[in-house]
Amino acid sequence: DVTDYKAVDPQYGTMDDFRALVKECHDRGIRVIIDLPVNHTSTRHPWFLQAVESIQKRKFDSPYMDYYCFTETPSGNKYVKISGSPWHYEEQFAGGNMPDLNLDCPALKEEIRDIVTFWLTDVNVDGFRLDAVTSYYTGDLQKDVDFLNWLNTEAKKINSECYIVGEAWVGTD
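An account of the accompanying structure is given in this report. Just so it is clear, the structure is predicted and the values come from calculations on it, not from any experiment.

To continue, consider the packing of aromatic side chains. Enumeration over the complete set of coordinates arrives at 13 aromatic pairs. Ring geometry for Phe 18 and Trp 119: centres 5.9 Å apart, planes at 85°, overall edge-to-face. Separated by 101 residues along the polypeptide, Phe 18 in helix 1 (residues 15–27) and Trp 119 in helix 3 (residues 106–122) bring together distant segments of the chain. Neither residue differs from the other here; Phe 18 and Trp 119 are each classed as buried.

On to the sheet that holds strand 5 (residues 127–130), then. Each strand in a sheet pairs with another by means of backbone hydrogen bonds, the pair being arranged parallel or else antiparallel. The strand order across the open sheet formed by three strands is 1-5-6, and the pairing between neighbours is parallel. Each having just a single partner strand, strand 1 (33–36) and strand 6 (163–166) make up the two edges of the open sheet. The average angle at which neighbouring strand axes cross in this sheet is 25°, direction not considered. Here four bridges tie strand 1 to strand 5, and the two strands are oriented parallel to one another.

With four bridges joining them, strand 5 and strand 6 adopt parallel strand pairing. Along strand 6, the bridge assignment pairs Phe 128 with Ile 164. This β-α-β element, strand 5 to helix 4 (residues 141–158) to strand 6, shows right-handed connectivity.

Bringing the side chain of Asn 39 into the picture now. Mapped onto the fold, Asn 39 is located in the loop between strand 1 and helix 2 (46–56). A distance of 3.3 Å separates polar atoms of two side chains, one belonging to Asn 39 and the other to His 40. Setting aside residues up to four positions removed in sequence, Asn 39 forms contacts with Phe 93, Pro 99, Asp 100, Leu 101, Asp 131, Ala 132 and Tyr 136.

Thresholds, definitions, all that
- Residues numbered from 1 in each chain as written.
- Predicted model: local features only at pLDDT ≥ 70, side-chain atom pairs only at ≥ 80, totals over all residues.
- Heavy atoms only, no water.
- Phe/Tyr/Trp six-rings, centres within 6.5 Å; stacked < 30°, edge-to-face > 60°.
- Helix = DSSP H or I, 4+ residues; strand = E, 2+ residues; numbered from the N terminus.
- Buried < 20%, exposed > 50% of the residue type's maximum accessible area, 1.4 Å probe, protein only.
- Pairing = 2+ DSSP bridges.
- Axes fitted to C-alpha atoms, helices over the stretch in contact; angles between N-to-C directions.
- Right-handed = clockwise from strand over helix to strand, strands pointing away.
- Polar contact = N/O pair within 3.5 Å; in protein donor to acceptor, adjacent residues only side chain to side chain.
- Contact = heavy atoms within 4.5 Å.

Here you go:
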């Protein structure tokens, strides 16, 4: 679960280690793609923590509230209650630790563009593996496709050779 979109998990080393790995791969003709889950974060991500704190204090002033799918009136079983509050957050994957991002939020889309730019230009990766692309807008495949087209267009503006592959489960056919 992502807690920082511009870092590697410390158990794998540092960003300098990763940059060196990418360079060594490129020197050998190997392209590098990384996992980029843009559909959810960890409940420990600073965006989520600040949004929840705003809800719990009943201030509702965090700019990150729009980054997630919060509601006081949940429908269905894809919502997790926020402790000490009547509010809930949407989560497609059960467990209470991966709140869904609101991919319709313009500020979040700017963050995603910035994240993609960072990895393609600063770290020099060659592309991305996207998580659960058919669950971005559960039940609305066209909105999934529209978002993916937007993301692909933005990535190709940064690096026309950017390779993107998505995990897409829509049936065995």
